[in-house]
Amino acid sequence: MAPNAKVVGALSQAESSSGEKGPVYEALLADIKNLSSPTSAIDDLNAIVDSFFGQALGVVSTRSVLGAFISTLTALKNEEMWIEVGTRTLSVLSSQPSSFFDAQATLCDLVATAHENNEDFLEAAKALAEIPLDSSQRKVTDEEKAKVWIRIVRNYLEVDDSTAAETYINKLKNIMHTVSDADLNLHFRLSQARIQDAKRDFLGASQRYHEISFSPAIAEEERLHTLGMAIKCAILAPAGPMRSRMLGRLYKDERAVQLDEFGILEKMFLDRLLSQAEVDKFAEGLQPHQLATTSDGSTVLAKAVVEHNLLGASRLFNNIQFEALGSLLGLDADKAEETTARMIEQGRLVGRMDQLDGIVWFEGGEASGEKGSGRAEVIAGKEMRRWDANVESLAEEVENVTNSLQKEFPDFVAANLVV
């Protein structure tokens, strides 16, 4: 569509003016609502840009007119116009000498804001990335850099591009120690947690989420939501001593009982077996990447639950055949054997395996978490000593029950028991 005739006429007068042309363009921009119409506004503004850049006004005068132009564009509050006109103006600036970095930064911010409002987060991130932050001709503080980079990170995370987001997080790591703004530091830490979450580093993400949940800079409701994220990530983390310690911290957090996830958290902390119904209910609150399929065909959640139930089984049994273990875990015998072997080898489960007899012996105690340390050497007479200890414990319990009965019901004991 062609520019409005009124705008064309005003531009012709400005271009033919014999005096200082900068103020003429600024006056034209101030009267743009009267000269232009909603249907031709985009073409009108583009025509104005082409006109004053074509007049060789000089750097100082051009900078002044460009500032007035950007103020006019911002005041129109039309997101489509911000994107169309802003993007085109940036392309014009790219062919100009590097004297308009401030205007370029403002236009990039304006275009990005429009994309964010339209929920086009990828384009918003790309627009923000064009803001000149490292030029020697434009002084930018670390705090200003942090504001831009954190916005870029958050936009990339909205489209689940954790790889691109991590690129800017790594830049932020070099400057955040100089940034005192509490909100920026909070967003930085939260972005780190979200990236770890997206990359399936669930244990690290859980720790960061839990730390953030104590921040006084966010509302109580947000603190509880962040605590919930910490619990979800801890549950999805690989079973082992590190996760057990994280579950312990979360279980002892007095706020956790208010959350829907507390039931499954309690069972995991106490090493109780989880039912499929409990797992399905928990899965309803997970994000898509937390339900993604892993390389072996199972989901992250399914794998975490199998490993947890295996750990729980090690608390219930001294030994168990792979076939029976597979039935307990919802796996076939070969898969149960493979999972058990991996956890023992990685130091997340203490036990030993007899593949000839198809049986696993659980050694009890806490695994070290160090690779290979889960293997236990066979010690002569160890099973007999354990058996003796169990018999002794049972005898003590029987004696305690008898003593309690004698104290509470002496007549019954005298008539029925030989003490």
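Residues numbered from 1 in each chain as written. Predicted model: local features only at pLDDT ≥ 70, side-chain atom pairs only at ≥ 80, totals over all residues. Heavy atoms only, no water.

Naming follows an unreviewed UniProt entry, where the chain appears as COP9 signalosome complex subunit 4 of Pochonia chlamydosporia 170.

A look at helix 12 (residues 202–212)
Rule in force here: Only protein chains enter the accessibility calculation, which uses a 1.4 Å probe; a residue is then buried when its area is under 20% of its type maximum, exposed when over 50%, and partly exposed in between. Strands are runs of DSSP state E lasting at least two residues, helices are runs of H or I lasting at least four, and both sets are numbered from the N terminus onward.
The buried fraction of helix 12 is high, at 8 of 11 residues. Within the span of helix 12, buried status applies to F202, L203, G204, A205, S206, Y209, H210 and I212.

Examining the nonpolar core
The condition that has to hold: Think of a nonpolar core as a cluster: buried Ala, Val, Leu, Ile, Met, Phe, Trp, Tyr and Cys residues, connected wherever their side-chain atoms sit within 4.5 Å.
With 64 residues, the main nonpolar core has I48, F52, L66, F69 and L172 as its most contacted residues. With 35 residues, the next largest nonpolar core counts L247, L259, L265 and A283 among its residues.

What about the sheet that holds strand 2 (residues 351–354)?
The cut-off we apply is this: Strand pairing is assigned whenever DSSP detects at least two bridges linking the two strands. Axes here mean lines fitted to C-alpha atoms, for a helix over just the part in contact, with angles spanning 0 to 180 degrees between N-to-C directions.
The strand order 1-3-2 describes an open sheet built from 3 strands, whose pairing is antiparallel. Either end of the sheet is taken by a strand with one partner, and the two such strands are strand 1 (319–321) and strand 2. In this sheet, neighbouring strand axes are inclined to one another by 20° on average, regardless of whether the strands run parallel or antiparallel. Sheet topology places strand 1 next to strand 3 (residues 359–362); 3 bridges connect them, and they run antiparallel.

A look at the pairing of strand 3
Bridge count between strand 2 and strand 3: 4 bridges; the pairing is antiparallel. Its bridge partner being in strand 3, D354 is matched across the sheet by I359. Linking strand 2 to strand 3, which pair antiparallel, is a turn of 4 residues; within it G358 sits at a positive phi near 65°.

Quick word on a nonpolar patch on the surface
This is how the line gets drawn: Patch membership is restricted to residues that have no salt bridge and whose relative accessible area is over 30%. Joining uses 9 Å for like charges and 5 Å for the nonpolar side chains Val, Leu, Ile, Met, Phe, Trp and Tyr. Note that accessible areas follow from Shrake-Rupley with a 1.4 Å probe, and for residues the cover is restricted to the protein chains shown. For salt bridges, the criterion is a side-chain nitrogen of Lys or Arg within 4 Å of an Asp or Glu carboxyl oxygen.
Together, L316, F317 and L328 line one region of the surface with nonpolar side chains, adding up to about 270 Å² of accessible area. Along the chain, the position of L316 falls in helix 17 (residues 300–316).

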